[in-house]
Amino acid sequence: MRVPWRFIGGRVAFYLFTAWAAITINFFIPRMMKGDAVTSYMARSQGQLQPEAEKALRALFGVGTDVPLWKQYFDYWGMLLHGDLGVSISTGMAPVGDAIAAALPWTLGLVGVATIISFVVGTVLGAIVGWRRGGKLDVLIPVTTFFGTVPYFWLGLIFIAIFSSVLGWFPAGHAYEVGVEPGWNAEFISQVISHAILPVITIVIASIGGWLLGMRNMMLTVLDEDYITVAQAKGMPNSRVLWRYAARNAVLPQIQSFALALGFIVGGTIVMEMVFSYPGIGLLLLSATNAKDYALMQGIFLVLVLAVLVANILADIVYAILDPRTRQTEA
């Protein structure tokens, strides 16, 4: 299979420009907002810090200094190129990179697994429902759509009330029990899995309807194409026509949506993490916003933007390989 290098190169150039624009906006927006992290930190300290400490903090964070904005911009790029995202004032002056690295695996493991499960299950069910349109499986459409309209936090609260409070099958929140030592051991891993089951079920049930409905609608469109009729007229088995011809073409629009969903995994599901007290990147972003910790906010937004861009690049590449018409149009 020929690799579409020209198509890939054009896409990469476009996304590099998009990354520059996003990083630039990410730099200027916090500086246009009222208040700053130092003022918020001094208010929380309730007079326990001396004025000299405030001056030192402002010098450290570049707040209220005489440094021109253009120089701050180039200094920001210099820090980024050296992998320095600054210092987080809301996490005890820890490096922003360390704070994000501590929260990111939890979100990737939880929301990532849930997104992949909902995409695979919803897409497969959508293909089968579309192939057997008018059958008994059509009942899945209104049922899953209904759950898709229910907010995450409401489903989460219902599941906590039923499966945790009443039945006692799963823990109500957090990533593991207090007193358990994190590490690659059986006790910790079992704790993480048991605490993640309810949040995963919540995300899967709330999002599977969109994947199922989208795939089913695309299947209905694809099944009216001439090549499907020809394949069936040749006597090909229905399973081969379904998965080799119909589903392969119907899944193409799903890939772009899946790439966006994978990119936004980094952002996590803030409400879900609040309901289950899960230590993910979404909860960290909420804490940074409340503390006006602009360095941490910038770092999280940067990781989110890069994740979305990388996911879209990979989706474009897969899309171009699966559908030659795309790269021919872009050539």
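See the structure printed just above.
Residues numbered from 1 in each chain as written. Predicted model: local features only at pLDDT ≥ 70, side-chain atom pairs only at ≥ 80, totals over all residues. Heavy atoms only, no water.

(A) Broad picture of the overall build of the protein. The helix and strand tally for the protein stands at 15 helices and two strands. Taken across its 331 residues, the protein has 40% of its residues classed as buried. Considering only residue pairs separated by 6 or more positions, the protein has 74% of its internal contacts joining residues 24 or more positions apart. In the form shown here, the protein has an accessible surface area of approximately 18100 Å², with 67% of it arising from carbon and sulfur atoms. (Helix = DSSP H or I, 4+ residues; strand = E, 2+ residues; numbered from the N terminus. Buried < 20%, exposed > 50% of the residue type's maximum accessible area, 1.4 Å probe, protein only. Contact = heavy atoms within 4.5 Å. Areas by Shrake-Rupley, 256 points an atom, 1.4 Å probe, with all protein chains shown as cover.)

(B) Region of interest: the packing of helix α6 (residues 140-149) against helix α8 (residues 186-222). Interaxial distance between α6 and α8 falls to 7 Å at its minimum, and their mutual angle equals 135°. Here α8 runs oblique to α6, going by the angle between their axes. Like other packed secondary-structure pairs, α6 and α8 cross with a definite hand, here left-handed. Here α6 contributes Leu-140, Ile-141, Thr-144, Phe-147 and Gly-148 to the contact with α8, which in turn contributes Ile-205, Ala-206, Ile-208, Gly-209, Leu-212, Leu-213 and Arg-216. Looking at the contact of α6 with α8 residue by residue, the classes come out as eight nonpolar, three polar and one charged. (Axes fitted to C-alpha atoms, helices over the stretch in contact; angles between N-to-C directions. Parallel < 35°, antiparallel > 145°, perpendicular 65-115°, else oblique. Left-handed = near helix turned anticlockwise from the far one by under 90°. Nonpolar A, V, L, I, M, F, W, Y, C, P; charged D, E, K, R; others polar.)

(C) Molecular detail of the nonpolar core. Membership of the largest hydrophobic core comes to 22 residues, with the highest contact counts inside it found for Trp-106, Leu-110, Met-272, Phe-276 and Tyr-278. Every element with two or more residues in this core is listed here: α5 (96-131), α7 (152-166), α8 and α12 (270-275). Those residues in contact with Leu-110 that lie beyond four places of it in its chain are Ala-196, Pro-199, Val-200, Met-272 and Tyr-278. (Core = buried A, V, L, I, M, F, W, Y, C linked by side-chain atoms within 4.5 Å.)

(D) Representation of the environment of Ser-190. Looking at where Ser-190 falls in the secondary structure, it is placed in helix α8. Spatially, the C-alpha atom of Ser-190 lies 8.9 Å from that of Tyr-176, the residues being 14 residues apart in sequence.

(E) Just the packing of helix α9 (residues 226-233) against helix α10 (residues 238-250), in detail. Put simply, α9 and α10 touch, their axes get as near as 11 Å, and they point 180° apart. It follows that α9 is roughly antiparallel to α10 by the angle criterion. Facing Tyr-227, Ile-228, Ala-231 and Gln-232 of α9, the residues of α10 in contact are Val-241, Tyr-245, Ala-246 and Asn-249. Class assignment for the residues of the contact of α9 with α10 results in six nonpolar, two polar and no charged.

(F) Layout of α7. The end-to-end C-alpha distance of α7 is 20 Å, a good match for the 21 Å that 15 residues give at a rise of 1.5 Å each. Of all bends in α7, the biggest is about 30°, found at Ile-160. Residues of α7 that are buried: Leu-155, Gly-156, Phe-159, Ile-160 and Ser-164. Against α6, α8 and α12 lie the buried residues of α7. Phi for Gly-168, located one or two positions after α7, is positive at around 70°. (Expected span 1.5 Å × (residues − 1). Bend = angle between axes of the 7 residues up to and from the residue.)

(G) Looking closely at a nonpolar patch on the surface. A cluster of nonpolar residues, Phe-153, Trp-154, Leu-157, Ile-158, Ile-162, Val-166, Leu-167, Trp-169 and Val-271, forms a patch on the protein surface that exposes about 860 Å² of accessible area. Ranked by residue count, the leading element in the nonpolar patch is α7, at six residues. Note on Trp-154: relative accessible area 46%, which makes it partly exposed. (Patch = residues over 30% accessible without salt bridge, like charges linked within 9 Å, V, L, I, M, F, W, Y side chains within 5 Å. Salt bridge = Lys/Arg side-chain N within 4 Å of Asp/Glu carboxyl O.)

(H) Seen up close, the side chain of Thr-144. Take Thr-144: it is sitting in helix α6. Owing to a relative accessible area of 12%, Thr-144 belongs among the buried residues under this scheme. A polar contact is formed between the side chain of Thr-144 and the backbone oxygen of Leu-140, at a distance of 2.7 Å. Among all residues touching Thr-144, those that are not within four sequence positions of it are Ile-208, Gly-209 and Leu-212. (Polar contact = N/O pair within 3.5 Å; in protein donor to acceptor, adjacent residues only side chain to side chain.)

(I) Up close: the packing of aromatic side chains. Under the defined criterion, the tally for this structure stands at twelve aromatic pairs. Summarising the aromatic geometry, the rings of Phe-146 and Phe-147 are spaced 5.5 Å apart at their centres and angled 65° between planes, so their arrangement reads as edge-to-face. One aromatic cluster is present, built from ring pairs that chain together Phe-27, Phe-28, Tyr-73, Phe-74 and Tyr-76. (Phe/Tyr/Trp six-rings, centres within 6.5 Å; stacked < 30°, edge-to-face > 60°.)

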